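Structure assessment
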Amino acid sequence: MNRDTAPAALRAQISGSSFYAGMRILPLAERNAMYAVYGFCRMVDDIADDGGRPPALRADALELWRRDIDRLYDGGDPGQAHFLAGPIQQFSLDRDDFHAVIDGMAMDVAADICCPSMAMLDLYCDRVASAVGRLSVRIFGMEQAPGIALAHHLGRALQLTNILRDIDEDAAIGRVYLPAEALMAAGIEPGNIAALIADPRLDIAARHVAEIAQDHYAQAGAILARRPKGHLIAPKMMAAVYARTLQRSVAQGWRPPRRRIKTSKPALILTLLRLWLLR
(Lines give C-alpha, C1' and ligand atoms only; values in the text may rest on other atoms or scores of the structure.)
Protein backbone atom coordinates (compact mmCIF):
# COMPACT_ATOMS: atom_id res chain seq x y z
CA MET A 1 0.00 0.00 0.00
CA ASN A 2 1.49 3.33 -1.02
CA ARG A 3 0.08 6.73 -0.24
CA ASP A 4 -1.74 7.04 -3.54
CA THR A 5 -3.55 3.69 -3.29
CA ALA A 6 -4.57 4.19 0.36
CA PRO A 7 -8.18 5.12 1.19
CA ALA A 8 -8.85 8.84 0.76
CA ALA A 9 -9.19 9.55 4.49
CA LEU A 10 -5.93 7.76 5.22
CA ARG A 11 -4.15 9.60 2.40
CA ALA A 12 -5.14 12.87 4.00
CA GLN A 13 -3.86 11.74 7.41
CA ILE A 14 -0.55 10.59 5.95
CA SER A 15 0.02 13.70 3.83
CA GLY A 16 -0.71 16.06 6.70
CA SER A 17 1.59 14.41 9.22
CA SER A 18 5.20 14.89 10.22
CA PHE A 19 5.44 11.15 9.59
CA TYR A 20 4.87 11.74 5.86
CA ALA A 21 7.68 14.27 5.59
CA GLY A 22 10.05 11.89 7.35
CA MET A 23 9.15 8.88 5.25
CA ARG A 24 9.27 10.56 1.83
CA ILE A 25 13.05 10.46 1.93
CA LEU A 26 13.18 6.65 2.12
CA PRO A 27 13.74 4.42 -0.92
CA LEU A 28 10.47 3.35 -2.56
CA ALA A 29 10.18 -0.14 -1.04
CA GLU A 30 10.95 1.09 2.47
CA ARG A 31 8.65 4.09 2.04
CA ASN A 32 5.70 1.95 0.96
CA ALA A 33 6.35 -0.49 3.80
CA MET A 34 6.28 2.38 6.29
CA TYR A 35 3.04 3.68 4.77
CA ALA A 36 1.55 0.21 5.25
CA VAL A 37 2.64 0.04 8.89
CA TYR A 38 1.34 3.57 9.43
CA GLY A 39 -1.96 2.60 7.82
CA PHE A 40 -2.32 -0.37 10.16
CA CYS A 41 -1.54 1.80 13.19
CA ARG A 42 -4.00 4.49 12.15
CA MET A 43 -6.80 2.01 11.57
CA VAL A 44 -6.46 0.22 14.91
CA ASP A 45 -6.00 3.56 16.69
CA ASP A 46 -9.21 4.86 15.09
CA ILE A 47 -11.01 1.79 16.46
CA ALA A 48 -9.70 2.43 19.97
CA ASP A 49 -10.70 6.12 19.84
CA ASP A 50 -14.16 5.63 18.31
CA GLY A 51 -16.33 6.86 21.16
CA GLY A 52 -19.42 6.34 19.02
CA ARG A 53 -19.11 2.56 19.34
CA PRO A 54 -19.55 0.59 22.58
CA PRO A 55 -16.31 -0.81 24.03
CA ALA A 56 -17.41 -4.39 23.33
CA LEU A 57 -17.75 -3.68 19.61
CA ARG A 58 -14.39 -1.91 19.52
CA ALA A 59 -12.79 -4.85 21.33
CA ASP A 60 -14.30 -7.21 18.75
CA ALA A 61 -12.95 -5.07 15.91
CA LEU A 62 -9.45 -5.20 17.40
CA GLU A 63 -9.69 -8.96 17.82
CA LEU A 64 -10.66 -9.26 14.16
CA TRP A 65 -7.43 -7.43 13.32
CA ARG A 66 -5.51 -9.86 15.52
CA ARG A 67 -7.09 -12.84 13.74
CA ASP A 68 -6.38 -11.34 10.32
CA ILE A 69 -2.74 -10.76 11.27
CA ASP A 70 -2.50 -14.37 12.43
CA ARG A 71 -4.08 -15.67 9.24
CA LEU A 72 -1.64 -13.57 7.21
CA TYR A 73 1.35 -15.13 9.00
CA ASP A 74 -0.19 -18.62 8.89
CA GLY A 75 -0.92 -18.55 5.15
CA GLY A 76 -4.69 -18.07 5.34
CA ASP A 77 -6.99 -15.31 4.08
CA PRO A 78 -5.62 -12.12 5.69
CA GLY A 79 -8.83 -10.12 5.17
CA GLN A 80 -8.26 -6.46 6.01
CA ALA A 81 -4.55 -7.09 6.72
CA HIS A 82 -3.80 -8.02 3.10
CA PHE A 83 -1.80 -4.83 2.42
CA LEU A 84 0.78 -5.85 5.04
CA ALA A 85 1.76 -9.06 3.22
CA GLY A 86 4.49 -7.50 1.07
CA PRO A 87 6.23 -5.54 3.83
CA ILE A 88 6.08 -8.51 6.21
CA GLN A 89 7.71 -10.79 3.68
CA GLN A 90 10.26 -8.28 2.39
CA PHE A 91 11.43 -6.98 5.77
CA SER A 92 10.74 -9.98 8.04
CA LEU A 93 8.41 -8.01 10.30
CA ASP A 94 7.60 -9.73 13.58
CA ARG A 95 4.04 -10.88 14.26
CA ASP A 96 4.46 -10.13 17.98
CA ASP A 97 5.01 -6.44 17.26
CA PHE A 98 1.70 -6.18 15.39
CA HIS A 99 0.05 -8.00 18.29
CA ALA A 100 1.66 -5.58 20.74
CA VAL A 101 0.19 -2.58 18.93
CA ILE A 102 -3.26 -4.17 19.08
CA ASP A 103 -2.71 -4.95 22.78
CA GLY A 104 -1.92 -1.28 23.40
CA MET A 105 -5.10 -0.15 21.67
CA ALA A 106 -7.04 -2.74 23.66
CA MET A 107 -5.79 -1.09 26.86
CA ASP A 108 -7.59 2.10 25.81
CA VAL A 109 -10.74 0.15 24.96
CA ALA A 110 -10.91 -1.98 28.11
CA ALA A 111 -11.12 1.17 30.24
CA ASP A 112 -10.17 4.79 29.61
CA ILE A 113 -6.67 5.01 31.05
CA CYS A 114 -6.67 7.43 33.97
CA CYS A 115 -3.60 8.06 36.12
CA PRO A 116 -1.89 4.72 35.45
CA SER A 117 1.01 3.43 37.48
CA MET A 118 4.43 4.20 36.06
CA ALA A 119 4.82 0.52 35.15
CA MET A 120 1.48 0.49 33.32
CA LEU A 121 2.36 3.67 31.45
CA ASP A 122 5.68 2.19 30.36
CA LEU A 123 3.92 -0.97 29.13
CA TYR A 124 1.44 1.17 27.22
CA CYS A 125 4.26 3.17 25.61
CA ASP A 126 6.04 -0.04 24.65
CA ARG A 127 2.93 -1.39 22.95
CA VAL A 128 1.65 1.67 21.11
CA ALA A 129 5.00 3.27 20.26
CA SER A 130 8.11 1.14 20.78
CA ALA A 131 6.45 -1.84 19.03
CA VAL A 132 5.90 0.42 16.02
CA GLY A 133 9.56 1.37 16.34
CA ARG A 134 10.58 -2.29 16.28
CA LEU A 135 8.68 -2.74 13.02
CA SER A 136 10.20 0.46 11.65
CA VAL A 137 13.85 -0.29 12.40
CA ARG A 138 13.56 -3.54 10.44
CA ILE A 139 12.31 -1.55 7.48
CA PHE A 140 15.12 0.97 7.99
CA GLY A 141 17.60 -1.92 7.67
CA MET A 142 19.11 -1.58 11.14
CA GLU A 143 20.89 -4.43 12.85
CA GLN A 144 18.96 -6.05 15.67
CA ALA A 145 20.70 -4.78 18.82
CA PRO A 146 20.93 -1.05 17.99
CA GLY A 147 17.56 -1.21 16.25
CA ILE A 148 15.73 -2.66 19.24
CA ALA A 149 17.45 -0.21 21.58
CA LEU A 150 16.52 2.73 19.37
CA ALA A 151 12.91 1.56 19.16
CA HIS A 152 12.78 1.23 22.95
CA HIS A 153 14.05 4.73 23.70
CA LEU A 154 12.73 6.74 20.76
CA GLY A 155 9.30 5.11 20.90
CA ARG A 156 8.90 6.01 24.56
CA ALA A 157 10.25 9.52 24.01
CA LEU A 158 7.81 10.23 21.19
CA GLN A 159 4.81 8.79 23.05
CA LEU A 160 5.54 10.68 26.25
CA THR A 161 5.89 13.86 24.19
CA ASN A 162 2.47 13.22 22.68
CA ILE A 163 1.00 12.61 26.13
CA LEU A 164 2.42 15.87 27.45
CA ARG A 165 1.24 17.79 24.38
CA ASP A 166 -2.29 16.34 24.43
CA ILE A 167 -3.21 16.54 28.13
CA ASP A 168 -6.39 18.57 27.58
CA GLU A 169 -7.50 16.67 24.47
CA ASP A 170 -7.09 13.35 26.27
CA ALA A 171 -8.89 14.63 29.37
CA ALA A 172 -11.85 15.62 27.19
CA ILE A 173 -12.38 11.95 26.33
CA GLY A 174 -11.82 10.72 29.88
CA ARG A 175 -8.14 9.82 29.70
CA VAL A 176 -5.18 11.00 31.76
CA TYR A 177 -1.90 9.29 30.93
CA LEU A 178 0.22 11.10 33.53
CA PRO A 179 1.34 8.47 36.05
CA ALA A 180 -0.19 8.35 39.51
CA GLU A 181 3.26 8.45 41.15
CA ALA A 182 4.11 11.78 39.49
CA LEU A 183 0.72 13.26 40.37
CA MET A 184 0.91 12.21 44.01
CA ALA A 185 4.48 13.50 44.29
CA ALA A 186 3.10 16.87 43.13
CA GLY A 187 0.41 16.72 45.81
CA ILE A 188 -2.43 15.89 43.41
CA GLU A 189 -4.88 13.11 44.25
CA PRO A 190 -5.49 10.99 41.13
CA GLY A 191 -9.08 10.45 40.11
CA ASN A 192 -11.15 13.58 39.47
CA ILE A 193 -10.14 14.54 35.94
CA ALA A 194 -11.71 18.00 35.92
CA ALA A 195 -10.01 18.97 39.18
CA LEU A 196 -6.75 17.37 38.15
CA ILE A 197 -6.27 19.19 34.85
CA ALA A 198 -7.26 22.51 36.47
CA ASP A 199 -4.68 22.13 39.25
CA PRO A 200 -1.60 24.34 38.71
CA ARG A 201 0.51 21.67 40.40
CA LEU A 202 -0.02 19.55 37.28
CA ASP A 203 3.01 21.41 35.96
CA ILE A 204 5.18 19.64 38.54
CA ALA A 205 3.92 16.19 37.54
CA ALA A 206 4.27 16.95 33.84
CA ARG A 207 7.84 18.15 34.26
CA HIS A 208 8.71 14.86 35.93
CA VAL A 209 7.38 12.97 32.89
CA ALA A 210 9.23 15.41 30.62
CA GLU A 211 12.50 14.51 32.35
CA ILE A 212 11.85 10.83 31.61
CA ALA A 213 11.17 11.67 27.96
CA GLN A 214 14.33 13.79 27.75
CA ASP A 215 16.39 10.88 29.07
CA HIS A 216 14.93 8.63 26.37
CA TYR A 217 15.77 11.25 23.72
CA ALA A 218 19.33 11.37 25.03
CA GLN A 219 19.64 7.58 24.89
CA ALA A 220 18.19 7.49 21.37
CA GLY A 221 20.52 10.30 20.30
CA ALA A 222 23.52 8.39 21.60
CA ILE A 223 22.54 5.36 19.52
CA LEU A 224 22.06 7.45 16.37
CA ALA A 225 25.35 9.29 16.99
CA ARG A 226 27.18 5.98 16.68
CA ARG A 227 25.91 5.85 13.07
CA PRO A 228 24.63 2.27 13.04
CA LYS A 229 23.76 0.64 9.74
CA GLY A 230 20.44 1.64 8.21
CA HIS A 231 18.34 4.49 6.83
CA LEU A 232 18.70 6.86 9.79
CA ILE A 233 17.43 10.20 8.48
CA ALA A 234 13.79 9.26 9.16
CA PRO A 235 14.27 8.42 12.87
CA LYS A 236 16.64 11.39 13.24
CA MET A 237 13.95 13.68 11.88
CA MET A 238 11.25 12.28 14.15
CA ALA A 239 13.58 12.66 17.13
CA ALA A 240 14.51 16.23 16.23
CA VAL A 241 10.94 17.39 15.58
CA TYR A 242 9.43 15.78 18.67
CA ALA A 243 12.31 16.77 20.94
CA ARG A 244 11.74 20.35 19.82
CA THR A 245 8.04 19.98 20.64
CA LEU A 246 8.94 18.76 24.10
CA GLN A 247 11.43 21.61 24.55
CA ARG A 248 8.74 24.15 23.68
CA SER A 249 6.29 22.43 26.03
CA VAL A 250 8.79 22.60 28.88
CA ALA A 251 9.39 26.29 28.21
CA GLN A 252 5.66 27.01 28.18
CA GLY A 253 4.86 24.79 31.15
CA TRP A 254 1.65 22.96 31.97
CA ARG A 255 -0.15 25.38 34.25
CA PRO A 256 -3.69 26.05 33.03
CA PRO A 257 -4.70 27.46 30.68
CA ARG A 258 -2.48 25.46 28.33
CA ARG A 259 -1.84 26.04 24.64
CA ARG A 260 -1.24 23.01 22.46
CA ILE A 261 2.20 23.07 20.83
CA LYS A 262 2.14 22.72 17.04
CA THR A 263 4.92 22.16 14.52
CA SER A 264 4.80 24.16 11.29
CA LYS A 265 5.50 22.60 7.90
CA PRO A 266 8.36 25.05 7.20
CA ALA A 267 10.00 23.88 10.42
CA LEU A 268 9.65 20.27 9.28
CA ILE A 269 11.23 21.09 5.93
CA LEU A 270 14.13 22.94 7.52
CA THR A 271 14.77 20.06 9.90
CA LEU A 272 14.75 17.59 7.05
CA LEU A 273 17.08 19.75 4.95
CA ARG A 274 19.54 20.14 7.82
CA LEU A 275 19.64 16.40 8.48
CA TRP A 276 20.02 15.66 4.76
CA LEU A 277 22.99 18.01 4.46
CA LEU A 278 24.65 16.59 7.58
CA ARG A 279 24.04 12.93 6.81
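My aim in this report is to walk through the structure given alongside it, one point at a time. (Residues numbered from 1 in each chain as written. Predicted model: local features only at pLDDT ≥ 70, side-chain atom pairs only at ≥ 80, totals over all residues. Heavy atoms only, no water.)

**Side note on the pattern of salt bridges**
Going through the model one piece at a time under the given rule, you end up with 21 salt bridges. One salt bridge connects aspartate 49 with arginine 175, and the closest N-O pair in it is separated by 2.7 Å. Here the residue aspartate 49 occupies a position in the loop between α3 (28-48) and α4 (55-74), and arginine 175 occupies one in the loop between α9 (167-172) and α10 (180-185), the gap between them amounting to 126 residues. For arginine 175, a relative accessible area of 5% translates into the label buried. For arginine 95, the salt bridge identified is with aspartate 74, shortest N-O distance 2.8 Å. Linking arginine 95 in helix α6 (residues 95-110) with aspartate 74 in helix α4, this pair joins segments that are 21 residues apart in sequence. Overall, the relative accessible area of 25% leaves arginine 95 in the partly exposed class. (Salt bridge = Lys/Arg side-chain N within 4 Å of Asp/Glu carboxyl O. Helix = DSSP H or I, 4+ residues; strand = E, 2+ residues; numbered from the N terminus. Buried < 20%, exposed > 50% of the residue type's maximum accessible area, 1.4 Å probe, protein only.)

**What about helix α12 (residues 202-225)?**
Counted at 1.5 Å a residue, the expected span for α12 with its 24 residues is 34 Å, and the 34 Å between its end C-alpha atoms agrees. Looking only at α12, the buried set comprises Leu202, Asp203, Ala205, Ala206, Val209, Ala210, Ala213, His216, Tyr217, Ala220, Ile223 and Leu224. On its buried side, α12 packs onto α8 (144-165), α9, α10, α11 (193-198) and α13 (233-252). Note on α12: the residue one or two positions beyond its end, arginine 227, has a positive phi of about 55°. (Expected span 1.5 Å × (residues − 1). Contact = heavy atoms within 4.5 Å.)

**Overview of the packing of α8 against α13**
One way to put it is that α8 packs onto α13 with a least axis distance of 10 Å and a crossing angle of 35°. Seen from above, α8 lies across α13 with left-handed handedness. Contacts between α8 and α13 involve Leu150, Leu154, Leu158, Thr161, Asn162, Leu164 and Arg165 from the first element and Pro235, Met238, Ala239, Tyr242, Thr245 and Leu246 from the second. Residues belonging to the contact of α8 with α13 are distributed by class as follows: nine nonpolar, three polar and one charged. (Axes fitted to C-alpha atoms, helices over the stretch in contact; angles between N-to-C directions. Left-handed = near helix turned anticlockwise from the far one by under 90°. Nonpolar A, V, L, I, M, F, W, Y, C, P; charged D, E, K, R; others polar.)

**Focus: the environment of aspartate 166**
Tracing the sequence through the fold places aspartate 166 in the loop between α8 and α9. Look at aspartate 166 and you get buried, because its relative accessible area is 13%. Taking C-alpha positions, aspartate 166 is 8.9 Å from isoleucine 261, a pair spaced 95 residues apart along the chain. Looking at aspartate 166, its side chain comes within polar contact range of the side chain of arginine 260, at 3.0 Å. (Polar contact = N/O pair within 3.5 Å; in protein donor to acceptor, adjacent residues only side chain to side chain.)

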